[in-house]
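What follows is each chain in one-letter form.
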Amino acid sequence: MTPDEKKQAAAKAALEYVEVGTVIGIGTGSTANYFIDMLADIKHKVDGTVASSEASAARLKQHGIQVLDLNAVDGISVYVDGADESTQHLQLIKGGGGALTREKIVAAVAGKFVCIADESKLVDVLGKFPLPVEVIPMARGYVARRITKLGGNPIWRDGFVTDNGNIILDVHNLEILEPSKLETELNQITGVVTNGLFALRPADVLILGTDQGAKTMT
């Protein structure tokens with residue numbers, strides 16, 4: 001199977017977690033896009049969606065799927081999104097597409113977080129994929145210096161602005177042996193909105209697309 005076919009297999013398997021008559025959260029990225037396209041076939045079963053980015057909201061609306069403001073809903077039954085890396089403990093790095101803050105918010109609200117990815121995203125140690133950190137623009141230099149002291153090499157994602165109007169620092173050269181600890185340390189730096197580690201709130205279910213089809217880990 002090609003990487004895209006593996007992503008599609010994972011997305012299709014995630015449809016089983018859609019609860020009829022509920023609001024569901026939708027993530028951002030190529031694998032989430034496959035899920036959105038498949039959700040269109042059963043859109044009558046859900047009361048609406050909450051999107052983690054403007055791009056996903058636009059794609060949902062193109063399919064005629066209702067997109068709701070998170071503040072207007074009482075809860076989200078399940079959140080389906082991809083990942084840039086995952087460990088076997090379902091701790092993730094997310095944010096390659098720059099939507100990490102809204103993704104983290106929707107994941108926090110959801111009753112269940114289902115992560116969908118191809119098998120190449122499963123790693124023993126997080127950090128080979130650069131860790132995105134969303135930063136208030138005026139704090140970019142200060143935050144970069146603080147991250148350097150933690151052993152990372154922060155690179156400004158030049159020309160990119162998040163849906164929240166902020167910038168992204170992609171942190172290279174990290175071997176993240178204690179994801180929860182690093183997630184907390186980074187979030188405590190003044191000027192950081194949040195970072196792409198999903199360790200304090202990991203996925204509840206990881207669905208990996210493999211040559212043998214979808215494989216589920218919990």
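Calculation criteria
- Residues numbered from 1 in each chain as written.
- Predicted model: local features only at pLDDT ≥ 70, side-chain atom pairs only at ≥ 80, totals over all residues.
- Heavy atoms only, no water.
- Pairing = 2+ DSSP bridges.
- Helix = DSSP H or I, 4+ residues; strand = E, 2+ residues; numbered from the N terminus.
- Axes fitted to C-alpha atoms, helices over the stretch in contact; angles between N-to-C directions.
- Contact = heavy atoms within 4.5 Å.
- Phe/Tyr/Trp six-rings, centres within 6.5 Å; stacked < 30°, edge-to-face > 60°.
- Buried < 20%, exposed > 50% of the residue type's maximum accessible area, 1.4 Å probe, protein only.
- Lys NZ or Arg CZ within 6 Å of the ring centre and 35° of its normal.
- Parallel < 35°, antiparallel > 145°, perpendicular 65-115°, else oblique.
- Left-handed = near helix turned anticlockwise from the far one by under 90°.

Visitor: Can you help me understand the sheet that holds strand β7 (residues 131-135) in this one?
Guide: Backbone hydrogen bonds hold the strands of a sheet together, and the pairing may be parallel or antiparallel. With antiparallel pairing, the four strands of this open sheet are ordered in space as β8-β9-β7-β10. Each edge of the open sheet carries a strand with a single partner, namely β8 (153-156) and β10 (192-195). Put simply, the sheet's adjacent strands are angled 30° from each other on average, direction ignored. Summarising the sheet, β7 and strand β9 (residues 167-172) pair through five bridges and their orientation is antiparallel. Opposite Pro 132, over in β9, you have Asp 170 as the bridge partner. In this fold helix α4 (residues 100-109) packs onto β7, β9 and β10, with an angle of close to 70° to the strand it touches most, β10. The sheet contacts of helix α6 (residues 179-187) involve β7 and β10, and relative to β10 the element is tilted by about 165°.

Visitor: Teacher, can you tell me more about the side chain of Arg 157 here?
Guide: Within the secondary structure, Arg 157 sits in the loop between β8 and β9. Among residues more than four places away in sequence, those in contact with Arg 157 are Gly 95, Gly 96, Gly 97, Gly 98, Pro 132, Ile 168 and Asp 170.

Visitor: When you look at the packing of aromatic side chains in this model, what are you seeing that I'm missing?
Guide: The description of an aromatic ring pair uses the distance of the two centres, along with the angle that the planes make with each other. Taken as a whole and judged by the stated rule, the model has two aromatic pairs. Their ring planes at 35° and their centres at 5.2 Å tell us that Tyr 79 and Phe 113 sit as a pair that is tilted. Highlighted residues: Tyr 79 in strand β3 (residues 76-81) and Phe 113 in strand β6 (residues 110-118), separated in sequence by 34 residues. By the burial criterion, Tyr 79 is buried, and Phe 113 matches it. In textbook terms, an aromatic cluster arises when at least three aromatic residues are bridged by ring pairs, as seen for Tyr 79, Phe 113 and Phe 198. Positioned over the ring face of Phe 198 is Lys 104, at 5.2 Å from the centre of the ring.

Visitor: I'm lost on helix α2 (residues 30-39) in this one. Help?
Guide: Think of an α-helix as turning once every 3.6 residues; residues three or four places apart then point the same way. Buried residues of α2: Thr 31, Ala 32, Tyr 34, Phe 35, Ile 36 and Leu 39, and no others. The inward-facing, buried residues of α2 abut α1 (3-14), β1 (23-26), β2 (48-51), α3 (54-62), β3 and β6.

Visitor: Help me out: how do you make sense of the pairing of strand β12 (residues 205-210) in this one?
Guide: Regular strands place side chains that alternate from one sheet face to the opposite one. With respect to burial, β12 is a largely interior element, six of its six residues being buried. Across the two faces of β12 the burial is the same, with Val 205, Ile 207 and Gly 209 and Leu 206, Leu 208 and Thr 210 all buried. Across five bridges, β6 lies against β12 in parallel orientation. Directly across from Ala 117, in β12, lies its bridge partner Leu 208. Where β12 and strand β13 (residues 213-217) come together, five bridges link them in antiparallel fashion. In the sheet register, Thr 210 faces β13, and the bridge partner there is Gly 213. Once β12 ends, the chain turns through two residues before running back antiparallel as β13.

Visitor: Would you mind going over the packing of α1 against α2 with me for this structure?
Guide: Packed helix pairs are characterised by how far apart their axes lie and by the angle those axes make with each other. Contact pair α1 / α2: the axes reach a minimum separation of 8 Å and the direction vectors enclose 50°. Regarding the angle of α1 to α2, the classification is oblique. Every pair of crossing elements has a handedness; the one defined by α1 and α2 is right-handed. Residue-level contacts link Asp 4, Lys 7, Gln 8, Ala 11, Lys 12 and Ala 14 of α1 to Ser 30, Thr 31, Tyr 34, Phe 35 and Met 38 of α2.

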